[in-house]
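Fold and contact review
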Amino acid sequence: MRTKFAVIYSVDGGVGKTTLAVATAFEKERVLIVDADWEKADLSSIFSVPKKPGWLAGSYGKDMYVHKVKPNLYVVPGYEAAVLYQSGKIGDADLFDALFEVLTALPDAVAEERLPVDTIIVDTPKAMQLTWLEAFQRKLKALMYFVADRRIVTKIADIKMQIYGRYMRYASLVVANMLEKGDEKTPGIKMVNAFLTRVKMPSDYSAEGIYKAILSDRKNKEAISLLVKRIKE
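It should be emphasised that the depicted structure is a prediction, and the values quoted were computed from it without experimental measurement.

What follows concerns the layout of surface pockets. Quantified by volume, the largest pocket comes out at close to 460 Å³. Where the lining of the largest pocket is concerned, the elements lending two or more residues are helix 1 (17-28), helix 2 (42-46), strand 7 (173-179) and strand 8 (194-197). Class assignment for the residues of the lining of the largest pocket results in 9 nonpolar, 9 polar and 8 charged. Estimated volume of the second largest pocket: approximately 210 Å³. Surrounding the second largest pocket, Trp55, Gly58, Ser59, Lys62, Met64, Ala98, Glu101, Val102, Ala105, Leu106 and Ala109 form its lining. For the lining of the second largest pocket, the residue count by class is 7 nonpolar, 2 polar and 2 charged.

Laid out in structure tokens, this is it:
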């Protein structure tokens, strides 16, 4: 069976892209998550992954560490990519090239290591270049989940909508996150395939706590189920 890719991307930061990746991974299972958000590497911290060499390791001659969360859920950290990016020692283009090389090789590595994984979820930095999204879609045959906050269904400036339109061209599903009560009745809701309402996050902000908080809402559970269903198709 071919290992599937699901890439979670956005235009803006802070729209819940990483929390969506966490919830989808827990609900789907048999997942390897790659923390490729080199601006923050929040996903690595949320899963309490040790600060060991991650997906960028091969670029400086080290072995990539794969963290076992449980028998059917694994995480590849992105700490060193974030450190190097934040310090200005490496740029976006070089990081993408390294990431794409790793992702291309990952299915074979998963099979060789006999990991019980059939899906690779990739959490990305905001506003990736469109050519990169096209590479994910065409070369990796990835499912593309575009995430935006509630502004996409309420009110968004025309110029921003043009930018959204360019990014949404690559979307397999469009997800609106952090909706408030009543937002699901706005005309703009027709633009999205799934939506999640805002919920109170756990104080420790742990991966499992985030997952449970998101799915405590019935409509959120339906939305995450839709994302998982598309992966399984």
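Glancing now at the packing of aromatic side chains. Applying the stated criterion to the full structure yields 10 aromatic pairs. Ring centres 6.2 Å apart and planes at 35° place the aromatic pair phenylalanine 100 and phenylalanine 136 in the tilted group. Here phenylalanine 100, found in helix 4 (residues 92-113), pairs with phenylalanine 136, found in helix 5 (residues 130-139); they are 36 residues apart in sequence, far enough to count as distant. One aromatic cluster is present, built from ring pairs that chain together Trp38, Trp55, Phe96, Phe100, Trp132 and Phe136.

Glancing now at the environment of glycine 54. Considering the arrangement of structural elements, one finds glycine 54 in the loop between helix 2 and strand 3 (67-70). Residue classification places glycine 54 among the buried positions, given a relative accessible area of 0%. Each C-alpha atom of the pair glycine 54 and proline 77 lies 4.6 Å from the other, and the pair is 23 residues apart in sequence. Dropping the residues within four chain positions of it, glycine 54 is found in contact with Met64, Val76, Pro77 and Glu80.

Reading the values: the criteria
- Residues numbered from 1 in each chain as written.
- Predicted model: local features only at pLDDT ≥ 70, side-chain atom pairs only at ≥ 80, totals over all residues.
- Heavy atoms only, no water.
- 1 Å grid on protein atoms, 1.4 Å probe; cavity = no way out; pocket = protein on both sides within 12 Å on 5 of 7 lines; lining within 4 Å.
- Points joined across faces, edges and corners; volume = space filled by probe spheres on them.
- Helix = DSSP H or I, 4+ residues; strand = E, 2+ residues; numbered from the N terminus.
- Nonpolar A, V, L, I, M, F, W, Y, C, P; charged D, E, K, R; others polar.
- Phe/Tyr/Trp six-rings, centres within 6.5 Å; stacked < 30°, edge-to-face > 60°.
- Buried < 20%, exposed > 50% of the residue type's maximum accessible area, 1.4 Å probe, protein only.
- Contact = heavy atoms within 4.5 Å.

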